[in-house]
Amino acid sequence: MASRGEQVQANVLVALLAHGKPTSAYKIMRDLQDGQPKIAPPTIYRALAALVEQGKVHRLESLNAFVACQCAHHDHPAILSICDDCGAVEETVAPKLLNQLTRLTKKSGFAAMRHIIEIHGRCASCKNAGAQS
Ligand SMILES: [Zn+2]
Ligand SMILES: [Zn+2]
C-alpha cells in the first residue's frame, strides 16, 4: 500500500508525463485539483522535491518548471537542452564533461555539489520547420 505522499508523487509524475514538456508547479497543481480539489501547494512542492531527489523529474531552473526524466540514467545529472519554440527538452548525459567542470572549479578551491546545465535553443524539428518557411 503506497503512502499518501507516494500517491501524490505518482499523480504528479503522471501529470508531468502527460504534458511532455516543461510545466510549472502551479500548472501541475491545477491538473491534480481536477481529481483532488483540496490539494495544497506544499503537498505539490514536497512531491516534486522528492521526485527530483529520486531523479525521476528534472527541475529546469531557467524556466522555473519541471519535466519528467526521459532517460534511464537517474544517477547522473543531465545536460538539458530546451527548445524555446516548442518546449521540447532533450537530455544528454555526459559524466566526463561534468567531471571536467568539477575539476575546473576545484582549481579555485571550490567544492562542486551539483551541476545545473541548461542550454536554450531550437530543437531539430523546429530548426527544420524554420528553414522551410
Ligand atoms: Zn533524466
Ligand atoms: Zn522545438
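Check the entry above for the structure.
For every chain, the first residue of its written sequence is number 1, and the numbers climb from 1 along that sequence. Written order determines the labels here, with chains lettered from A and ligands numbered from 1. Note on the predicted model: pLDDT of at least 70 is required for a residue's local features to be given, and 80 or more for side-chain atom pairs to be given and counted; whole-chain, interface and lining totals, by contrast, use all residues.

Enquirer: Describe the sheet that holds strand β5 (residues 117-121), with residues and values.
Expert: Should DSSP find at least two bridges between two strands, the strands are regarded as paired. Helix and strand definitions here come from DSSP, where helices need a minimum of 4 consecutive H or I residues and strands a minimum of 2 consecutive E residues; each element is numbered from the N-terminal end. Within the open sheet, the three strands sit side by side as β4-β3-β5. Their pairing is mixed. Each end of this open sheet is capped by a strand with a single partner; those strands are β4 (89-92) and β5. Within the sheet, the average angular offset between the axes of one strand and its neighbour, ignoring direction, is 20 degrees. Across five bridges, strand β3 (residues 79-83) lies against β5 in parallel orientation. Residue Ser81 lies in a different strand from β5, and its bridge partner there is Ile119. Note on method: axes are straight lines fitted to C-alpha atoms, helices fitted across the in-contact stretch only, with angles between N-to-C directions ranging 0 to 180 degrees.

Enquirer: Any chance you could break down the pairing of β4 for me, citing the residues and the numbers?
Expert: One ladder, built from four bridges, connects β3 with β4; its direction is antiparallel. Each residue of the ladder has a partner; that of Ser81, found in β4, is Glu90. In this structure, the hairpin formed by β3 and β4 is closed by a connection of five residues, where Gly87 is found at a positive phi of approximately 85 degrees.

Enquirer: Quick one: what's the story with the environment of Pro77, residue by residue and with numbers?
Expert: Looking at the element boundaries, Pro77 is found in the loop between β2 (65-68) and β3. Around each residue's C-beta, the other C-beta atoms within 10 Å are counted; 20 or more make the residue buried, 12 or fewer make it exposed, and counts in between make it partly exposed. All C-beta atoms are placed from the backbone. Overall, the presence of 17 C-beta atoms within 10 Å leaves Pro77 in the partly exposed class. On a C-alpha basis, the gap between Pro77 and Arg114 in space is 7.8 Å, while along the polypeptide they are 37 residues apart. Placing C-beta atoms from the backbone, we regard two residues as in contact once those atoms come within 7 Å. Setting aside anything within four residues of it in sequence, one finds Pro77 in contact with Leu98, Arg114 and His115.

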